[in-house]
Amino acid sequence: MNSVENQLLQVTQALEKQVDATIEKIDNLDVNDLEQLRKNRIKELQKQEEKKREWLKNDHGNYDELPEEQRFFDVIKKSDNIVLHFYTNTSERSKIVDMHLKALAPKHIEARFTKLNAEKCPFLSEKLKIKVIPTIVLIQKTILVDKIIGFTELGNRDDFTTEVLEWRIAQNGIINYEGDLSAPPDQQVIKKSRSFNFKWRTGNRNI
């Protein structure tokens, strides 16, 4: 048996021991242990529900506009994760962002989605260095963690999908994201398609 086979054998044995240990642990649980696990799970679910109620109370789940920049400071005190769109009425691209954020807000109630008219909030615009419209500011626990400036990172096109913007916002943990963060969704589809075509052609050669 060579060294590679030895290593594989050792890894397999280690995994088997872990599985056996887990099974033994489960088998040895008594009624009290199972009851405690059930109670812990119930507490966890209750905390999640409480958090959801708190989010909804603080206007999570909606995409609205802050009437004045002073309201921004109230929002960051109440919400840990904020997606803030700086727009102007003359920007057509701001309307595109509005459409996508309106779709994402009810899907991700863990974040507060809102917007501000950049022309009506000169202090914040200067403070956050808003130079391009639209700009999406991502704030976590009162700290600015990222900015999405224009559409450059969204494929540099106006017809990007909501999924692409969702992926981009998720890069810093502002929202919960279950997909692959390593590449935009549209590029992942292309990769899968190419992989499938390659395998299909390879299969034909072997027939």
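Residues numbered from 1 in each chain as written. Predicted model: local features only at pLDDT ≥ 70, side-chain atom pairs only at ≥ 80, totals over all residues. Heavy atoms only, no water.

Novice: Which residues make up the packing of helix H4 (residues 92-104) against helix H6 (residues 162-169), and what values do they have?
Specialist: At their nearest, the axes of H4 and H6 sit 10 Å apart, and the two run at 75° to each other. Considering their axes alone, H4 and H6 lie roughly perpendicular with respect to each other. In this structure, H4 contributes His100, Leu101, Ala103 and Leu104 to the contact, and H6 contributes Thr162, Leu165, Glu166 and Ile169. Class assignment of the residues belonging to the contact of H4 with H6 gives a composition of five nonpolar, two polar and one charged. (Axes fitted to C-alpha atoms, helices over the stretch in contact; angles between N-to-C directions. Helix = DSSP H or I, 4+ residues; strand = E, 2+ residues; numbered from the N terminus. Parallel < 35°, antiparallel > 145°, perpendicular 65-115°, else oblique. Contact = heavy atoms within 4.5 Å. Nonpolar A, V, L, I, M, F, W, Y, C, P; charged D, E, K, R; others polar.)

Novice: Outline the sheet that holds strand S4 (residues 135-140), supporting the account with residue identities and numerical values.
Specialist: Taken in spatial order, the five strands line up as S1-S3-S2-S4-S5 in an open sheet, and their pairing is mixed. Either end of the sheet is taken by a strand with one partner, and the two such strands are strand S1 (63-65) and strand S5 (143-149). Here the strands of the sheet are splayed against their neighbours by 25° on average, with no regard to which way each runs. Pairing of strand S2 (residues 81-87) with S4, which is carried by six bridges, proceeds in the antiparallel orientation. Each bridged residue has a counterpart across the sheet, and for Val83 the counterpart in S4 is Leu138. With respect to the sheet, H4 is in contact with S1, S2, strand S3 (112-117) and S4, its orientation differing from that of S2 by roughly 155°. Against the sheet, H6 makes contact with S2, S3, S4 and S5, and its axis sits at roughly 150° relative to S5, the strand it touches most. (Pairing = 2+ DSSP bridges.)

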